[in-house]
Amino acid sequence: KMIIKDSPERPIVKISQSMLDYARLLEHKMQMNRTKESEVDTLSGLMGEFVFAEWWYDDWKKGNSYSNLVDNFGKPDFEGHIEIKSSVFPFSEKLHLPIRQDYAEKRCPPFYIFVCFNVSNRYKKLITTDTQAIIVGWIDGKTAHKGKLENMGWVNSFKCYKTPVPKLRPMNELREEFSKQ
């Protein structure tokens, strides 16, 4: 697996045991009300939000109480403008930020953030405290929804708008762009 170096453009967030424990506790309560693409969809979605909150607020719990998560269901994850998309996959510049077509038809948040849980084996999607949580980059919603629409690599998967990782903007530009909202 490729180890990514922490940088302002692509920060790495340390996964704590308390983050994982809380995500596992909520996972069963929050089973996403949709068809899941993988067995880790709910856990990785929750963990992606915790990782982003840790980076954005220096507090992974902020905005992530059970009631916050329930209230935000079907809306952008943070401050009404930021949607987190997570993937549990060996990191590579060849990855894409995927946005399901059915999601994109209902809403267009100003910002999508891509969090990758950098695992060594694409078939063993296990998030641990040793897993590298990479905040890969961001893209504005309108641009993301103009991405290439295709299946995510398997015939029966949902169609997704895909933005290649190299087209994502660096995380150190997000706060300035966000302040313009």
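These figures come from a predicted structure and were not determined experimentally.

### Observations concerning the nonpolar core
Core analysis: the biggest nonpolar cluster contains 35 residues, and M47, F52, I82, I113, F117 and L174 have the highest contact counts within it. Listed by contribution, the elements that provide at least two residues to this core are α1 (17–30), α2 (41–57), β2 (82–88), β4 (111–118), β5 (132–140) and α6 (174–179). In terms of residues, this core owes the most to one element, α2, which gives nine residues. When residues no more than four places from it in sequence are discounted, the contact partners of F52 are F78, I82, I84, I113, I135, M171 and L174. Within the second largest apolar cluster, 17 residues are counted, among which are Y103, A104, C116 and V136.

### Brief notes about the sheet that holds β4
Taken in spatial order, the four strands of this open sheet run β1-β5-β4-β2, and their pairing is mixed. Across the chains shown, the open sheet's two edge strands, defined by having one partner strand only, are β1 (12–13) and β2. Judged from the eight bridges that link them, β4 and β5 form a sheet pairing that is antiparallel. Each residue of the ladder has a partner; that of F117, found in β5, is A133. Helix-sheet contacts for α2 involve β1, β2, β4 and β5, and the interaxial angle to β2 is about 120°.

### A look at α2
In this model α2 runs 24 Å from its N-terminal to its C-terminal C-alpha over 17 residues, within 8% of the 24 Å that 1.5 Å per residue would give. Counting buried positions along α2 yields 15 of 17 residues, so the element is predominantly enclosed. One or two steps after α2, the chain reaches D58, where phi turns positive at roughly 60°.

### Regarding the pattern of salt bridges
As enumerated under the stated definition, the model contains eight salt bridges in all. The partner of E150 in a salt bridge is K148, with the nearest N and O atoms 3.6 Å apart. You can call E150 partly exposed: its relative accessible area is 23%. Under the relative-accessibility criterion, K148 is labelled exposed at 56%. Here the residues in one salt-bridge network are R169, E173, E177 and K180, joined through shared partners.

Analysis parameters
Residues numbered from 1 in each chain as written. Predicted model: local features only at pLDDT ≥ 70, side-chain atom pairs only at ≥ 80, totals over all residues. Heavy atoms only, no water. Core = buried A, V, L, I, M, F, W, Y, C linked by side-chain atoms within 4.5 Å. Buried < 20%, exposed > 50% of the residue type's maximum accessible area, 1.4 Å probe, protein only. Helix = DSSP H or I, 4+ residues; strand = E, 2+ residues; numbered from the N terminus. Contact = heavy atoms within 4.5 Å. Pairing = 2+ DSSP bridges. Axes fitted to C-alpha atoms, helices over the stretch in contact; angles between N-to-C directions. Expected span 1.5 Å × (residues − 1). Salt bridge = Lys/Arg side-chain N within 4 Å of Asp/Glu carboxyl O.

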